[in-house]
Amino acid sequence: MVPHNVTLPKNLPLVIVSDGVLLPGSTIRLPVSSVKNINLVRSRLTSGNSLRNTIIGIVTKETSKDSHGGSLHDIGTAGLVVQVTGTNWPRPSYSLLITGLCRFKLLSIVQEHPYPVGAVKQIEYDKSLASDDNDLQLKDLIREFKEAAKKMVALLDVSVPSVAKLKELVEQVPSQHLIDLIAAFVRATLPERLKVLDAVDLATRLKVTLPLLLRHIQKLKEDRESDDTRSRKDFKIVKVTRGGRGLSHDADSYEDDQNELAELEAKIKEANLPEHALKTAKKELARLKQMAPHMPESSMTRNYLDLLVDLPWSVSVKDTCNISKARADLDADHYGLEKVKRRILEYLAVRQLRGDLKGPILCFVGPPGVGKTSIVKSIASTLGRPYYRMSLGGVSDQHDIRGHRRTYIGAMPGRVIQGLRSVKVNNPVMLLDEIDKLGTGIHGDPGAALLEVLDPEQNSTFTDTYLNLPFDLSQVLFVATANTLSTIPSPLMDRMEIIHVPGYTQEEKVMIGALHLLPKQLQEHGLSLDILQIPQEIISTIIGEYTREAGVRALERKIAAVCRAVAVQVAETKCVDPVTNKTDSEVIVAEIDDDQVQKAVDDQVEKVEESHKENNTLEKEDSSHPITEGSQALPNLLQLKEHMELPIIVDLKMIQDVLGPPIFQSGLAGRVSVPGVAVGLAWTPVGGEVMVVEATSSAGDSNLTLTGQLGSVMQESAKIALSWVRKHGELLRIDKDFMKDEEIHMHFPAGAISKDGPSAGVTIITVLVSLLTKRCVRSDVAMTGEITLNGVVLPVGGIKEKLMAAHRSGLTTVIIPAANKKDLDDIPSSVLNEIEVVLVNTVEEVLQAAFDDGFEDMFETDNDNGKSVSPSSKL
Ligand code: ADP
């Protein structure tokens, strides 16, 4: 039973309702979905669990027909929240079970956000009246009321627990509580209930409530008498009493519910569902009709039905694929990438000829920022299909792909079904981004779930766990991207055709910057080539001194920073004319007549076209400038030209002002100028890297210490290198006991990144030899290659990325295994022209190339032909 002696705090958080009233002693289920009410639930009820937190005020907002907002009723009810249930999907919605405690007077609203809080004054029961045994008139009224209440209970089905409880209460509770309880139970309109709430003194409350009670009894009697309708009405009563009386059970809300259901029914009819889905939809709708509207299950069923009707079961777009258009589109959107584009065109051509999608899934693999995602967007636009990106990075739960069982609170469909719902067609281009970053957690393997999605044999009947119905995914064009192949689950890899998208050379980056990134950023910042130009040599400086990447993402950001800086300058100049103090548009209207404007437009279009030609900009990107932007921005341009010199041509000084001092300067030469240091080349998922390996020796006990987060393969390479140096020390003029009282410490910088793989072998040997012979390695040389115990150099992977990284860092000689010669075919000639590639078979050849003047003693003269050969080459 409700405590009668609660003392309310001065300020109460308020839930404002529009369709009902909470009366003390009664319990209601209150649906909560407005932002403020959700804020209140989150900050008071679902976090922190003190009893005080669970007392809130319920205030009714009266909507008057003439005013829009409506005013708050000045008497409300404090309630104790006894249960919170809810779901966060597809939108947050909670349902509170609240028991009314006592009335309060709302004095003022002291806070609006994040939820309203009101200053309140508790309204005490009129104790004098309640205990005044001498007031005979009141006593009679109370008796009459109790009699009527008993009559009403007698007309109800006592086998329903809540009716049985009501029967008990009628006997026991003090009269002042009984009146509220009955007033909450009987059927009444909102104004009638508000009247009961307003009736603070007992006599008034009795007078207001008794007619309602008598009316209800009359209605129950009528229902009983009418045989036809009896069963239906009884059912309604039972239903109402079973669900607990909810605020929405008044006549208006009941109607709303019915309208919603009718709407849903109509939607189901219109949705053109396939037979199996239609059957389920009808079944669920029938269930929904039986449910009390504010039970959590009802909102779950509603969400499910919403999904069913939203899904594009039979909606598809027509492919607009035409190979020559596709070629033009791909060329217009992306510079270079010839091999990739060729492969895409082949793929599209085969698809077109076969007329279906059965075939491997394309997977673009390469470092970040090389255009993998944007090329997929181009494919979608050339096919005329909507594009949907599904990011798989960090997904470690198979339910993310397959959906959750509907029985869970907050259950939702998997990403594939969600994606289809949002694009509204069943044949979009769906990008599975970062497929190499799929995780495996305790909730099953998402890779296995993806297999089901991608397998053409199975995906025509893909069954999402939430949807629980097969959905045909065979028309979806799946494309994947990844940074590395090593972490893609192999069954998934079998389904995919890998297309490598390597990093760009300096020249390619400059062209991408000038032809694509700059126009794109100009447009995004509301600028044009008439206002801002960045010469190619400046783009080249930005690439060299402010970025270190295989792709062009950082370059794009830097260009955006320059555009922002210029946009500020332009905006400042544009705002106010210093002479007239008028804004731009006003000045234009006053000073330029139509003819002048027309002439200026003609001049401008001509100029823009000229600069367009000069910049050799690809048409698709730029065609927007002269026609749309150019003519519109033109008056501003004329105005601007009066105040500043245009176009602004970015120079080195401006770059430094905007981007700060250079971030990367090749400090390699300085670092390699001591013995015990060499430059290695490493492959990482984000492109090639140069790595300065260092070694020092100090007094100690013959140990070799390695640091820098190395894997076991690299540790082994170091041991192999040490053994080789020990064996060949004499030829290198290294003291035999070089580690007797010394320990060597070798470090691979960038320690936070774990490194492994055999390709550092030649670098480790070179560092050791340099340290022990006290000779410096050539500062312009970088190297890569695996070594064997006998000094043979074996081929390694990632030659293209490594050579590009060396080129980026300004190194001019690269030592690679001779067996990697074939990989040189892939290297752009602009890189090969500037780098001398030394192909080696043995460690001796490595050392010969890495040190100025080499090591004479290491090579023996071959007696047969007089050539010098290394000992290892005989193996
Ligand atoms: P990724 O998906 O490989 O990480 P994005 O597709 O996000 O890279 O590309 C980053 C940015 O670089 C995009 O704005 C893209 O348009 C641009 N870009 C990358 N490569 C090229 C290219 N070859 N030609 C034109 N723009 C490119």
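Within any chain, residue numbers begin from 1 and follow the written order of that chain's sequence. Selection of residues for local features in this predicted model requires a pLDDT of at least 70, selection of side-chain atom pairs for listing and counting requires 80 or more, and totals for whole chains, interfaces and linings are taken over all residues. The basis for every side-chain value is the complete set of heavy atoms in the structure, and neither hydrogens nor water enter the calculation.

## Some details on the overall build of the protein chain
Keep this limit in mind: The secondary structure listing takes helices from DSSP runs of H or I that are at least 4 residues long and strands from runs of E that are at least 2 residues long, numbered from the N terminus. Each residue gets one of three labels from its accessible area relative to the maximum for its type: buried under 20%, exposed over 50%, partly exposed in between, using a 1.4 Å probe on protein chains only. With residues, only the protein chains shown are counted as cover, and all accessible areas are computed by Shrake-Rupley using a 1.4 Å probe.
Looking only at helices and strands, the protein chain features 32 helices and 27 strands. Burial statistics for the protein chain: of 875 residues in total, 48% are counted as buried. When the accessible surface of the protein chain is summed, it comes to about 42,000 Å², and 51% of that surface belongs to carbon and sulfur atoms.

## Here's the deal with the nonpolar core
Heads up, the rule is: Residues enter a nonpolar core if they are buried and are Ala, Val, Leu, Ile, Met, Phe, Trp, Tyr or Cys, with the set joined through side-chain atoms within 4.5 Å. When checking whether two residues touch, look at their non-hydrogen atoms; a contact exists if any pair is within 4.5 Å.
Formed by 62 residues in total, the largest nonpolar core has its most connected members in Met-746, Phe-748, Met-783, Ile-815 and Leu-847. If you tally residues by element for this core, the top one is helix α29 (residues 761-773), at eight residues. Not counting the four nearest positions on each side in its chain, Met-746 is found in contact with Val-693, Glu-694, Ala-695, Thr-705, Leu-706, Thr-707, Ile-764, Val-767 and Leu-768. The next biggest cluster of nonpolar side chains, apart from the first, holds 57 residues, and it includes Phe-364, Val-570, Leu-637 and Val-650.

## Overview of the pairing of strand β24 (residues 813-817)
Going by this rule: Strand pairing is assigned whenever DSSP detects at least two bridges linking the two strands.
For β24, the buried fraction is high: five of the five residues fall into the buried class. Of the two faces of β24, both are covered, the one formed by Thr-813, Ile-815 and Pro-817 as well as the one formed by Val-814 and Ile-816. In this sheet, strand β25 (residues 836-840) lies alongside β24 in parallel orientation, the contact comprising five bridges. When the sheet's bridge partners are listed, Ile-815 is paired in β25 with Val-838.

## Focus on the site of the ligand
Selection criterion: Throughout, the term near means that a residue has one or more heavy atoms lying within 4 Å of the molecule or strand in question. Two N or O atoms form a polar contact when they lie within 3.5 Å of each other; inside protein one atom must be a possible hydrogen donor and the other a possible acceptor, and for residues adjacent in sequence the pair counts only when both atoms belong to side chains.
In the vicinity of the ligand, 20 residues are found, and the nearest of them are Gly-369, Lys-372, Thr-373, Lys-520 and Arg-553. In the model, an oxygen atom of the ligand is placed 2.8 Å from a nitrogen or oxygen of the Ser-374 main chain. Contact between the ligand and Lys-520: an oxygen atom at 2.5 Å from a side-chain N or O atom of the residue. Isolated, the ligand exposes 560 Å² of accessible area, and the fraction of that covered by the protein chains is 90%.

## Observations regarding the packing of helix α13 (residues 338-354) against helix α14 (residues 372-383)
The line we're drawing: Lines fitted to C-alpha atoms define the axes, with helix axes restricted to the stretch in contact, and inter-axis angles between N-to-C directions lie between 0 and 180 degrees. Note on convention: near helix rotated counterclockwise from far helix by under a right angle means a left-handed crossing. Clockwise means right-handed. For this scheme, ten residues count as nonpolar: Ala, Val, Leu, Ile, Met, Phe, Trp, Tyr, Cys and Pro. Four count as charged, namely Asp, Glu, Lys and Arg, and the remainder, Gly too, count as polar.
Running from N to C, α13 and α14 point in directions that differ by 35 degrees, and their axes come no closer than 12 Å. The two elements α13 and α14 cross, and the hand of that crossing is right-handed. Together, Val-340, Ile-344, Leu-348 and Arg-351 of α13 and Ile-375, Ile-379, Thr-382 and Leu-383 of α14 make up the contact between the two elements. For the contact of α13 with α14, the class distribution of residues is six nonpolar, one polar and one charged.

## Quick notes on the sheet that holds strand β20 (residues 742-747)
The strand order β19-β20-β18-β17-β21-β24-β25 describes an open sheet built from seven strands, whose pairing is mixed. The sheet is open, and its two borders are formed by β19 (704-707) and β25, each paired with just one other strand. If you compare each strand with its neighbour and ignore which way they point, the axes differ by 30 degrees on average. The sheet contact formed by strand β17 (residues 677-684) and strand β21 (residues 781-783) spans two bridges and is parallel. Each bridged residue has a counterpart across the sheet, and for Gly-680 the counterpart in β21 is Met-783. Packed on one face of the sheet, helix α30 (residues 799-808) meets β17, β18 (687-699), β24 and β25 and runs near 75 degrees to β18.

## Description of the pattern of salt bridges
Put simply, the test is: Throughout this description, the term salt bridge denotes a Lys or Arg side-chain nitrogen within 4 Å of a carboxyl oxygen of Asp or Glu.
All told, the structure shown has 25 salt bridges when counted by the stated rule. Note that Asp-140 is salt-bridged to Arg-143, the shortest N-O span being 3.0 Å. Within this pair, Asp-140 and its partner Arg-143 are both found in helix α3 (residues 136-155), separated by three residues, close to a single helical turn. A salt bridge links Glu-434 to Lys-437; the shortest N-O distance between them is 4.0 Å. The exposure class of Lys-437 is partly exposed, given its relative accessible area of 34%.

## A few points about the sheet that holds strand β13 (residues 477-482)
The strand order across the open sheet built from five strands is β9-β10-β13-β8-β14, with neighbouring strands paired in parallel fashion. Edge positions in the sheet fall to β9 (387-391) and β14 (496-500), since each of these pairs with one other strand and no more. With strand direction ignored, the average angle separating the axes of adjacent strands in the sheet is 25 degrees. The strands that α13 touches are β8 (361-365), β13 and β14; relative to β14, the one it contacts most, it runs at about 150 degrees.

## Points about unusual backbone geometry
Glycine aside, residues mostly have negative phi, and peptide bonds are mostly found in the trans state. Between His-113 and the following residue, Pro-114, the backbone shows a cis peptide bond with an omega angle of 0 degrees. In this fold, Pro-114 is placed in the loop between β6 (93-111) and β7 (117-122). Even without glycine at this site, Lys-774 takes up a positive phi of about 55 degrees. With respect to the element layout, Lys-774 can be found in the loop between α29 and β21.

## Some details on the confidence of the model for the protein chain
Using the following cut-off: pLDDT is defined as a per-residue confidence score from the predictor, taking values between 0 and 100.
When pLDDT is averaged along the protein chain, the result is 79; 81% of the residues meet or exceed 70. Per-residue pLDDT stays below 50 along residues 237-251; that stretch engages in 37 contacts with residues further than four places along the chain or on separate chains. A low-confidence stretch, residues 576-635 stays under pLDDT 50, and its non-local contacts, those more than four residues away or across chains, total 63 contacts.

## Digging into the environment of Ile-123
You can see Ile-123 is positioned in the loop between β7 and α2 (127-131). Given the relative accessible area of 18%, Ile-123 is considered buried. Not counting chain neighbours up to four residues away, the residues in contact with Ile-123 comprise Ile-75, Arg-103, Phe-104, Lys-105 and Val-200.

## Focus: the environment of Val-814
With respect to the secondary-structure elements, Val-814 resides in strand β24. Separated by 31 residues in the primary sequence, Val-814 and Met-783 place their C-alpha atoms 5.4 Å from one another. Leaving out residues up to four positions away in the same chain, Val-814 has contacts with Leu-681, Ala-782, Leu-803, Ala-806, Ile-835, Glu-836, Val-837 and Val-838.

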